[in-house]
Amino acid sequence: FRVRGALSAHPRQRCGAARLFLFHWPLSEQQPAMLRQTFRRGRATAGLARRGAYGEGAAADQRPCLAEPSAPRRRPFAAAAGGAPQTVDTSWLQSRAPDSTNYLSMTLNAKVYDVCRVTDLTAAPKLSAVTGNKCFLKREDQQPVFSFKLRGAYNRIVNLSAEDKAKGICACSAGNHAQGVAFSATHLDVSAKIFMPRTTPQIKVDAVRGFANAKSEVILVGDNYDEAYAATMACMEAEGRVLVHPFNDPHVIAGQGTIGQEILAQTTKENVEYVFCCVGGGGLAAGIGMFLKSVRPNIKVIGVEAADAPGMHDSLKAGKVVELASVGLFADGAAVRKVGDETFRLCQMALDEVVTVSTDEICGAIKFGFIDTRVVLEPAGALAVAGMVKYSKEHKLTGKTMVAISSGANMDFDRLRFVSERADTSETLIAVEIPERAGAFIELYRHIYPRNVTEFSYRISGDPASIFMSFQAGSPEDKDIVLEGLTKSGFGHKDLANNELAKTHLRHLVGGRAPAKMTEEEVLFRFEFPERPGPGPCSASWRRCPLTSTSPSSTTAATVRTWAGCSWRCRCPSSCDQSCGNIWIS
C-alpha cells in the first residue's frame, strides 16, 4: 500500500485539510520522488495555514491546491446526524478527580486478559418474569477458577516488579481469592504461600492445591479468617513476601473494574439502568462502581450483602469503617468483618445504595440462577441476584434493564440439601398453639386447606398443644388470609418466616421427652399415603382419637405418636384396596 497526499483548499473551508488516499499500486521508478515532493509541498502549505498566511478573506485561487476534491465536502457532524451531537456527562468524573481518572486509567490498562476471559452476559428469562424487568447475568462463574477473583489477583501480581516477584507472594483467603492467587502464581512462575482457615470447605482447599505450582504452598491455620490473616502477616514480615490482598488494593480493585468495562461493551443495544454487585470486602463493588460512574454516571450501582454480614452497609451508614462483632458463614465468600479503608472510600463515591438479603433470599436466588443458566451458584455468587429480586420488589420497578454479577460457582456440594430446603420462598413457617383435645387439629387444618402443608411437628406436652408447621401460600396476600383466619379462630400463632434460629435449629428439636404420665402406653406407628392436599375424599367420615389431636393428612412417610388401643383403618367403600391413605383412628 502506498500513500499520496493532497491538500484540499475548498473556497468554503477556512484552512487546508490533509487528505490521505491508499492505493494498492505497483511502485514505478518516478513515484518515490513524486511522493517526497507531494508531502513536502503538503507540509509547507499546512504550515502556512496554521500561521494564518491564508486568511478567511483570501480568494480561492490564491490558496494553493494540489488537487480539487473529487467528492462534495462532508457536512458538519451535527447536520449529518440530524441534530446536535449527544453530550457526554462528565460531571461525576470531574468532581471525583483525581480518584476517578486514576482508577479509570488503571482499569483500562489492567492486564487481566492474559488469563481471564470475557465472560458472557446472559439473558435471564425466569428472573425477568419474576421481577417484571429485563434482567441479565454477568457470568463470572465462567472464569478458569469459577470466580471473578482471578481478575484482581492476577492484575496485582503481574504489576509487581521483578524484584518483588523474586521475593514471592503471600495471601489469605477462605476460597476464591486463594484460587485466583494460586492460578496467577503458576502462570507467572512466582512462589506463593496461601493461608486458609481450617474451616474452609475441602472442595476449595483441593481446588487451590490443584492450581498451585511446585513453588507454592497451601497452609491451613486458625479457626477463622482473622486467625489465618494474622498468620499471613507474620509470614510477610518474617520472609519479606509481598501481600496480595483480596480486596483492599488499587490493582485488585482495577482488575475487578474490567467487569464494568465488559458490561458496557456487551450492552450497546440496551439501556442499562441498574447493576448489582455482591459486597464482601468491597473490591468488586468499588471497581465496577468507579468505572461505570466515570463513563455512565446515570447507571445506578447497587451493592448487596448478606443480612448477617452487613459490613459495608453499616459502615456507609455510620460514615466510617465499622468492624462487625461476628458474621454469618452461609455466604462464606463474602463473610468479612471489616471492609477495606480504600474500598470503603471508593464505595462512598460510587455506590448508590447497599441492600441486605436473608439466607432464604440467597437460596431462592441460587434456584433462579440455576433455572436460567443450569449453573449452581455459590451463596456469595448469588448475592447480586438476590439483591436484584428484592430491590425490584421493594421499589416496585418494572420495565427496567438490570445486570447482576453472578460472581462465583464454587459451591460446597454438602450444602445443596440445605439450599434446596430453603429455596422455596413460598413456604411459610409458623408456630401454633391449639387446644389439646380431639378434633382441634382438623379445625386448624381447615384454615390452611387446600394449600400444601410441607412440614408438621408435634409432641404431646399438655394443654395447649404446641405445633410447628409450614405451608405453601400462593402469594403474600394469600399468606395473610391464612394467618388472619387463624387469629379469628383463636389459634395463637407466630410467624417464623424470618427467624433464622427456628429454621436452622428449632425445627429439628420439636418433640423430645414427653411427660411420663401422658405416654405410659405410647405406641409408634409409621405409614405412607398420597402426597396431596386434604385428608381425602372420605374426610367427612373421619372419627377422631379421644386422646390426641393429630391426624395424618399432609405429610408423606409421616411419623405419628398415639396410644395403645387406637387402630388405623380405611373408611373408603369396600372396593378400596386400603392404599388410598384415608386413615382414621378408633
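Residues numbered from 1 in each chain as written. Predicted model: local features only at pLDDT ≥ 70, side-chain atom pairs only at ≥ 80, totals over all residues. Heavy atoms only, no water.

Enquirer: Report on the pattern of salt bridges, specifying residues and quantitative values.
Expert: Charged atoms that come close allow side chains of opposite charge to pair. Scanning all chains against the criterion turns up 22 salt bridges. Among the salt bridges present, the one from Glu 239 reaches Arg 241, with a minimum N-O distance of 2.8 Å. Among the residues examined, Glu 239 registers a relative accessible area of 39% and is labelled partly exposed. With relative accessibility at 12%, the residue Arg 241 sits in the buried group. Across the salt bridge formed by Asp 360 and Arg 422, the nearest N and O atoms sit 2.5 Å from each other. A residue pair is termed long-range when its members are at least 10 positions apart, and Asp 360 in helix H15 (residues 359–373) and Arg 422 in helix H17 (residues 416–422) qualify at 62 residues. Several salt bridges share partner residues, and in doing so they unite Lys 138, Glu 140, Arg 151 and Glu 262 into one network. (Salt bridge = Lys/Arg side-chain N within 4 Å of Asp/Glu carboxyl O. Buried < 20%, exposed > 50% of the residue type's maximum accessible area, 1.4 Å probe, protein only. Helix = DSSP H or I, 4+ residues; strand = E, 2+ residues; numbered from the N terminus.)

Enquirer: Lay out the nonpolar core in plain terms, naming residues and giving numbers.
Expert: Within the largest apolar cluster, 72 residues are counted, with the highest numbers of intra-cluster contacts made by Leu 127, Val 275, Phe 276 and Ile 405. In this view, Phe 276 contacts Ile 302, Val 304, Ala 384, Gly 387, Met 388, Tyr 391, Met 402, Val 403, Ala 404 and Ile 405; residues no more than four positions away in its chain are not counted. Within the second largest apolar cluster, 21 residues are counted, among which are Tyr 458, Ile 467, Met 469 and Leu 483. (Core = buried A, V, L, I, M, F, W, Y, C linked by side-chain atoms within 4.5 Å. Contact = heavy atoms within 4.5 Å.)

Enquirer: Give a detailed account of the state of the cysteines, specifying residues and quantitative values.
Expert: Disulfide: a covalent bond formed between the sulfur atoms of two cysteine residues. Per the counting criterion, the structure on display carries zero disulfides. Unpaired in terms of disulfides, Cys 172 finds its nearest cysteine sulfur in Cys 170, a separation of 9.4 Å. Left unpaired, Cys 277 is separated from the closest cysteine sulfur, that of Cys 278, by 7.5 Å. Cys 277 sits in the buried class, given a relative accessible area of 0%. (Disulfide = S-S within 2.5 Å.)

Enquirer: Tell me what's going on with the side chain of Lys 149, and back it up with residues and numbers.
Expert: Along the polypeptide, Lys 149 turns up in helix H6 (residues 149–158). No salt bridge is formed by the buried Lys 149, whose closest oppositely charged neighbour, Glu 378, lies at an N-O distance of 9.9 Å. In this structure the side chain of Lys 149 is engaged in a polar contact, spanning 3.3 Å, whose partner is the backbone oxygen of Pro 246. Ignoring sequence-local partners within four residues, the contact set of Lys 149 consists of Asn 176, His 177, Pro 246 and Gln 256. (Lys, Arg positive; Asp, Glu negative; His and termini not counted. Polar contact = N/O pair within 3.5 Å; in protein donor to acceptor, adjacent residues only side chain to side chain.)

Enquirer: Can you explain the pairing of strand S15 (residues 465–472)? Please cite residues and give values.
Expert: With six of eight residues buried, S15 lies mostly within the body of the structure. Relative to S15, strand S13 (residues 427–434) runs antiparallel, the two sharing eight bridges. Note on S15: the bridge partner recorded for Glu 427 is Gln 472. Note that strand S14 (residues 453–458) and S15 share five bridges and pair antiparallel. Looking across to S15, one finds that Glu 455 is bridged to Ser 470. Between S14 and S15, which follow one another and run antiparallel, lie six residues, and Gly 462 among them has a positive phi close to 130 degrees. (Pairing = 2+ DSSP bridges.)

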